[in-house]
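Summary of the model geometry
The residues making up each chain are set out below.
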Amino acid sequence: MVQSPIIKKFLDFTRKILFKIFKSEKIRTIITKFTEYEVFTYLVFGVLTTLVDMVIYYSLVYMGADEVITNVISSTCAILFAYVTNKRWVFESKAETKKDHLMELIKFFEARIFTLLLSTLIIWVFQILHWNPYIAKIIAMVLTVVLNYILSKFFIFTSNKKGTENNAN
């Protein structure tokens, strides 16, 4: 897959505008990081994944489906959507064999389940300590986004860094 020239031009344009507004090197470093293609597409598809989850969940609940079952269905659909978009457009996986694709999918689901359990643990600890549940959710969400990115980049979609040596096994 090749990075979209339209997105690259948009990111370059956005970076130039923001650099004219912000003169601080610290701010410019942050702007540069968030306008890198991979980070930007990860965040965009993350928002779209959230929308997939919410639309499916609210639609099924509106139609009278059980909330717990609906949450499992909507979460599964969102994870599958995230897998496809991360694989194809964010990390541009180079996996070729069925085995490689299956291993990426399994590792992706494992990572998402891990971060779900971790975020649930954070919320549970805040609940036990009677701390603000909204702060707990924000902390859990930020940690989840960062961990999912790190796990995807360094442990799941690794075939694009190893080239064909991953497929030789």
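Quantities reported herein were computed from a predicted structural model and do not represent experimental measurements.

1. Topic: the overall build of the chain
When its secondary structure is counted, the chain shows seven helices and zero strands. Counting from the amino terminus, helix and strand elements in the chain follow one another as α-α-α-α-α-α-α. Expressed along its principal axes, the backbone C-alpha trace of the chain runs to roughly 50 × 45 × 35 Å. Residues classed as buried in the chain amount to 28% of the 169 residues present. Sequence-distant contacts in the chain: of pairs separated by 6 or more residues, those separated by 24 or more amount to 63%.

2. A short note on helix H4 (residues 67-90)
The complete set of buried residues in H4 reads Thr70, Ser74, Ala78, Ile79, Ala82, Tyr83, Thr85, Asn86, Lys87 and Val90. Those residues of H4 that are buried lie in contact with helix H3 (37-62) and helix H5 (98-128). Here H4 starts with a cap whose side-chain oxygen sits 3.1 Å from the backbone nitrogen of Val68, and that cap is Asp66.

3. Some details on the pattern of salt bridges
Inspection of every chain in the model, using the stated rule, returns four salt bridges. In this structure, Glu36 engages Lys33 in a salt bridge whose closest nitrogen and oxygen atoms are separated by 3.3 Å. When its relative accessible area of 32% is taken as the criterion, Glu36 is described as partly exposed. Accessibility expressed as a relative area gives 42% for Lys33, which makes it partly exposed. For the salt bridge of Glu104 with Lys87, the shortest nitrogen-to-oxygen distance reads 2.5 Å. Here Glu104, found in helix H5, pairs with Lys87, found in helix H4; they are 17 residues apart in sequence, far enough to count as distant.

4. Comments concerning the packing of aromatic side chains
Taken as a whole and judged by the stated rule, the model has eleven aromatic pairs. An angle of 70° between the planes, with centres 5.1 Å apart, marks the rings of Tyr42 and Tyr149 as edge-to-face. Of this pair, Tyr42 sits in helix H3 while Tyr149 sits in helix H6 (residues 133-156); the two residues are 107 residues apart in sequence, bridging distant segments of the chain. This pair shows no difference in class: Tyr42 is buried, exactly as Tyr149 is. Centre to centre, the rings of Tyr83 and Phe108 are 5.5 Å apart; their planes meet at 65°, and the pair counts as edge-to-face. Placement of the pair is Tyr83 in helix H4 and Phe108 in helix H5, with a sequence separation of 25 residues. We classify Phe108 as buried; its relative accessible area is 0%. Here the aromatic cluster, defined as three or more aromatic residues joined through ring pairs, consists of Tyr42, Tyr83, Phe91, Phe108, Tyr149 and Phe157.

5. Topic: the packing of H4 against H5
Where H4 meets H5, the closest approach of the two axes is 11 Å, and the angle between their N-to-C directions is 125°. Regarding the angle of H4 to H5, the classification is oblique. Between H4 and H5 the crossing geometry is right-handed. The residues of H5 that touch H4, namely those facing Ile79, Leu80, Ala82, Tyr83, Asn86 and Lys87, are His101, Glu104, Leu105, Phe108, Phe109 and Arg112. Tallied by class, residues from the contact of H4 with H5 come to seven nonpolar, two polar and three charged.

About the criteria used
- Residues numbered from 1 in each chain as written.
- Predicted model: local features only at pLDDT ≥ 70, side-chain atom pairs only at ≥ 80, totals over all residues.
- Heavy atoms only, no water.
- Helix = DSSP H or I, 4+ residues; strand = E, 2+ residues; numbered from the N terminus.
- Buried < 20%, exposed > 50% of the residue type's maximum accessible area, 1.4 Å probe, protein only.
- Contact = heavy atoms within 4.5 Å.
- Polar contact = N/O pair within 3.5 Å; in protein donor to acceptor, adjacent residues only side chain to side chain.
- Salt bridge = Lys/Arg side-chain N within 4 Å of Asp/Glu carboxyl O.
- Phe/Tyr/Trp six-rings, centres within 6.5 Å; stacked < 30°, edge-to-face > 60°.
- Axes fitted to C-alpha atoms, helices over the stretch in contact; angles between N-to-C directions.
- Parallel < 35°, antiparallel > 145°, perpendicular 65-115°, else oblique.
- Left-handed = near helix turned anticlockwise from the far one by under 90°.
- Nonpolar A, V, L, I, M, F, W, Y, C, P; charged D, E, K, R; others polar.

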